[in-house]
Amino acid sequence: MENLFEAIMLCCLCVGMAVMIVRFARQKSVHLKLDRAIVITFGVGFVLGAIGKAVITPVEWTFALYVVGAYLSYTAAIFSFPQFREKNEVSENE
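Cut-off values and rules
- Residues numbered from 1 in each chain as written.
- Predicted model: local features only at pLDDT ≥ 70, side-chain atom pairs only at ≥ 80, totals over all residues.
- Heavy atoms only, no water.
- Helix = DSSP H or I, 4+ residues; strand = E, 2+ residues; numbered from the N terminus.
- Buried < 20%, exposed > 50% of the residue type's maximum accessible area, 1.4 Å probe, protein only.
- Contact = heavy atoms within 4.5 Å.
- Polar contact = N/O pair within 3.5 Å; in protein donor to acceptor, adjacent residues only side chain to side chain.
- Salt bridge = Lys/Arg side-chain N within 4 Å of Asp/Glu carboxyl O.
- pLDDT = per-residue confidence, 0-100.
- Core = buried A, V, L, I, M, F, W, Y, C linked by side-chain atoms within 4.5 Å.
- Patch = residues over 30% accessible without salt bridge, like charges linked within 9 Å, V, L, I, M, F, W, Y side chains within 5 Å.
- Areas by Shrake-Rupley, 256 points an atom, 1.4 Å probe, with all protein chains shown as cover.

It is worth spelling out the overall build of the protein at this point. The helix and strand inventory of the protein stands at four helices and zero strands. Going from N to C terminus, the protein has its helices and strands arranged as α-α-α-α. A burial count over the protein gives 31% of its 94 residues as buried. Residue pairs in contact within the protein that sit at least 24 positions apart in sequence constitute 68% of those at least 6 positions apart.

This is the structure we're talking about:
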């Protein structure tokens, strides 16, 4: 039962990270620095959770959700820097 609730929690957090990616991609973020800090904090939490699952308990299926969450957090952190998108758009137009 504990693993089920942990999986539900991780799925909700992954959906939250996906929403953050969409917000960053559409440039709808009002407080960019705060959102970036939240994404990085979530990413650290996902990585520490994955390490905890790998070290403390045998690798379970919830480990995969931690890895997916860490990857989504990394992607959201990359999208939170708009200057990288602008440079890529300029180089593609040339």
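Note that E6 resides in helix α1 (residues 2-25). A polar contact is formed between the side chain of E6 and the side chain of Y66, at a distance of 2.6 Å. Beyond its immediate stretch of four places on either side in the chain, E6 contacts K53, T62 and Y66.

This part takes up the pattern of salt bridges. For the structure shown, the criterion picks out two salt bridges. Across the salt bridge formed by D35 and R23, the nearest N and O atoms sit 3.4 Å from each other. Here R23 lies in helix α1 and D35 lies in helix α2 (residues 32-55), a separation of 12 residues in the sequence.

Now for the confidence of the model for the protein. For the protein, per-residue confidence averages 84 on the pLDDT scale, and residues scoring 70 or more make up 86% of the total. By mean pLDDT, helix α4 (residues 82-93) is the weakest element of the protein at 60, and helix α3 (residues 61-79) is the strongest at 91.

If you look at the biggest cluster of nonpolar residues, it comprises 16 residues, and the most contacted ones within it are M17, V39 and F46. Listed by contribution, the elements that provide at least two residues to this core are α1, α2 and α3. Of the residues forming this core, the biggest block, seven residues, is contributed by α1. Contact partners of M17, with chain neighbours within four places excluded, come to V39, F42, F46, L72, S73 and A76.

It is worth spelling out a nonpolar patch on the surface at this point. Judged by side-chain polarity, I40, V44, V47, L48, I51, V55 and I56 come together as a nonpolar surface patch covering roughly 690 Å² of accessible area. Mapped onto the fold, I51 is located in helix α2.

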